[in-house]
Amino acid sequence: WDDLMREVITSLQRVGSYPIIRLLHKLPVVERYAQCPPRDWRIHALSGYNEILRKIGKEMNIPIIDTEFIISPMSDSYADLVHPKMQLAWREDNYIMRELIR
């Protein structure tokens, strides 16, 4: 996954784009993810993916945006537990836009 993400970023840079990395949102711990043995591995894998993204961003000098502090407190408030809606999505989008113009 590390190599694939580096390849994607390099491809974007090659055509003149300036990529940014927005870290993945962690999923809230609900019964579906907390069972033993786990029925869904994503809750455990996301932290590892974010570590890889942080490493890539640092090594390739790519800006990293982390919106976890916005999303995490309200992560169980949207229906699919993955895609924030309305006011929460607006807050995250607003934060990302402010980070981009810094």
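This text gives an overview of the structure that appears in the document.

Quick look at the overall build of the chain
When helices and strands are tallied, the chain shows five helices and two strands. Written out in order from the N terminus, the α and β elements of the chain read α-β-α-α-β-α-α. Taking contacts inside the chain between residues at least 6 apart in sequence as the whole, the part at least 24 apart equals 61%. Accessible surface, the chain: about 7300 Å² in total, of which carbon and sulfur atoms supply 57%.

Quick notes on the environment of D3
Following the sequence through the fold, D3 ends up in helix α1 (residues 2–14). Placed 49 residues apart in sequence, D3 and I52 show a C-alpha to C-alpha distance of 10.0 Å.

Observations concerning the nonpolar core
Among the nonpolar cores identified, the biggest contains seven residues, and these are I9, I21, L23, L53, I56, M60 and I62. Here the element with the most residues in this core is helix α3 (residues 42–60); it accounts for three residues. Setting aside chain neighbours within four positions, we find I56 in contact with D2, M5, R6, I9, I21 and N61.

Overview of the pattern of salt bridges
One pass over the full model with this rule turns up seven salt bridges. Residue R6 pairs with D2 through a salt bridge whose shortest N-O separation is 2.4 Å. Placement of the pair is R6 and D2 together in helix α1, with a separation of four residues, close to one helical turn. Three or more residues are tied together by salt bridges with common partners; here these are D2, R6, K55 and E59.

Comments concerning the environment of I62
Relative to the elements of secondary structure, I62 occurs in the loop between α3 and β2 (64–65). Not counting chain neighbours up to four residues away, the residues in contact with I62 comprise I9, Q13, P19, I20, I21 and G57.

Points about the packing of aromatic side chains
When we look at a pair of aromatic rings, we describe it by the centre distance and by the angle of the planes. Within this structure, the stated rule accounts for two aromatic pairs. A ring pair is formed by W1 and Y49, whose centres lie 4.5 Å apart and whose planes are at 40°; its orientation type is tilted. Note that W1 is positioned in the segment before α1 and Y49 in helix α3, a separation of 48 residues in sequence. Taking the relative accessible area as the measure of exposure, W1 reaches 38% and is therefore partly exposed. Judged by its relative accessible area of 24%, Y49 is partly exposed. Each ring, one from F69 and one from Y95, has its centre 5.1 Å from the other, and the planes form 80°; the classification is edge-to-face. Within this pair, whereas F69 is found in helix α4 (residues 68–71), its partner Y95 is found in helix α5 (residues 86–100), the two being separated by 26 residues in sequence. By relative accessible area, which is 53% here, F69 ends up exposed.

Definitions and cut-offs
- Residues numbered from 1 in each chain as written.
- Predicted model: local features only at pLDDT ≥ 70, side-chain atom pairs only at ≥ 80, totals over all residues.
- Heavy atoms only, no water.
- Helix = DSSP H or I, 4+ residues; strand = E, 2+ residues; numbered from the N terminus.
- Contact = heavy atoms within 4.5 Å.
- Areas by Shrake-Rupley, 256 points an atom, 1.4 Å probe, with all protein chains shown as cover.
- Core = buried A, V, L, I, M, F, W, Y, C linked by side-chain atoms within 4.5 Å.
- Buried < 20%, exposed > 50% of the residue type's maximum accessible area, 1.4 Å probe, protein only.
- Salt bridge = Lys/Arg side-chain N within 4 Å of Asp/Glu carboxyl O.
- Phe/Tyr/Trp six-rings, centres within 6.5 Å; stacked < 30°, edge-to-face > 60°.

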